[in-house]
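Here are the chains, one letter per residue:
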Amino acid sequence: MADKDIEIVTSYNNTIPGKAIKLRAAMKFWNRYSGDIYSHVSLSMDTKLNRMMSFARREINNPFNAGLVMEDINSGLFALNSDVSRIAVMNLSITEAQYDKLSSVLTYYWENREQYSFNFIGLASMLLCGRGVAPTNEFFCSQWVSTVLKESGIDIFEGIDSKNIRPFDFYGKLQDNIIYEGLTVEYPNYNSQNSVKILKK
């Protein structure tokens, strides 16, 4: 079967939580991780990133109203301060069967999105203790992306529970798959069909 492509997108948005995570990473002189400035991860079956999905805030100014959302590189938090915010886009080739399964899994979650809520407890536990917790039907961004990939037969973190996956874990695991890394505002001009452009500033 022919391979299909999906995109894993880690991002740093210039919000208060994003700045705090970036500052925390910058202050560490031990146990640093590749891409540890990135505080969010999204999943897209669209290379233009016009239709990404993740667990995030539903309103730009209200981080507590959060859940499963559809994201667009040109709007919402991605458009906020996009001249200083950064993304890393990693291309992942999967089989056609995995692609079809992933499409079905994403459709199921989206159609039943009101049944799911944001895993604030798990996120706090991950930040403070390095290990998450997973209340039923609650997710934070990296936990959800890892979960839907596993449910689709795509387990890139074999042996690691999804509740213990952080956004920069995707970056660390898929560094060789990066097709773009740089300012968010510049991505729409990036043509993945013609060139591979990796910007590290």
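Refer to the structure printed above.
Residues numbered from 1 in each chain as written. Predicted model: local features only at pLDDT ≥ 70, side-chain atom pairs only at ≥ 80, totals over all residues. Heavy atoms only, no water.

1. What about unusual backbone geometry?
- At Leu 49, a residue that is not glycine, the phi angle is positive and equals roughly 60°.
- Assignment of secondary structure puts Leu 49 in the loop between β2 (40-44) and β3 (52-59).
- Non-glycine residue Asn 81 carries a positive phi angle of around 55°.
- Within the fold, Asn 81 resides in the loop between β4 (62-71) and β5 (86-94). (Helix = DSSP H or I, 4+ residues; strand = E, 2+ residues; numbered from the N terminus.)

2. Description of the pairing of β2
- β2 sits mainly inside the fold: five of its five residues count as buried.
- Residues His 40, Ser 42 and Ser 44 line one face of β2 and the alternating positions Val 41 and Leu 43 line the opposite face, and both faces are buried.
- Alignment of strand β1 (residues 4-12) against β2, held across five bridges, turns out to be antiparallel. Across the sheet, Ser 11 pairs through a bridge with His 40, a residue of β2.
- By the bridge criterion, two bridges tie β2 to β3 in an arrangement that is antiparallel. By the bridge assignment, Leu 43 is partnered in β3 with Met 53. (Buried < 20%, exposed > 50% of the residue type's maximum accessible area, 1.4 Å probe, protein only. Pairing = 2+ DSSP bridges.)

3. Section: the pairing of β3
- Most of β3 sits inside the fold, with six of its eight residues counted as buried.
- In the sheet, β3 pairs with β4 via seven bridges, with the strands oriented antiparallel. Within β4, the position partnered with Ser 54 by the bridge is Val 69.
- Counting the residues in the hairpin turn of β3 and β4 gives two residues.

In short, shape yes, function no, at least from these values alone.
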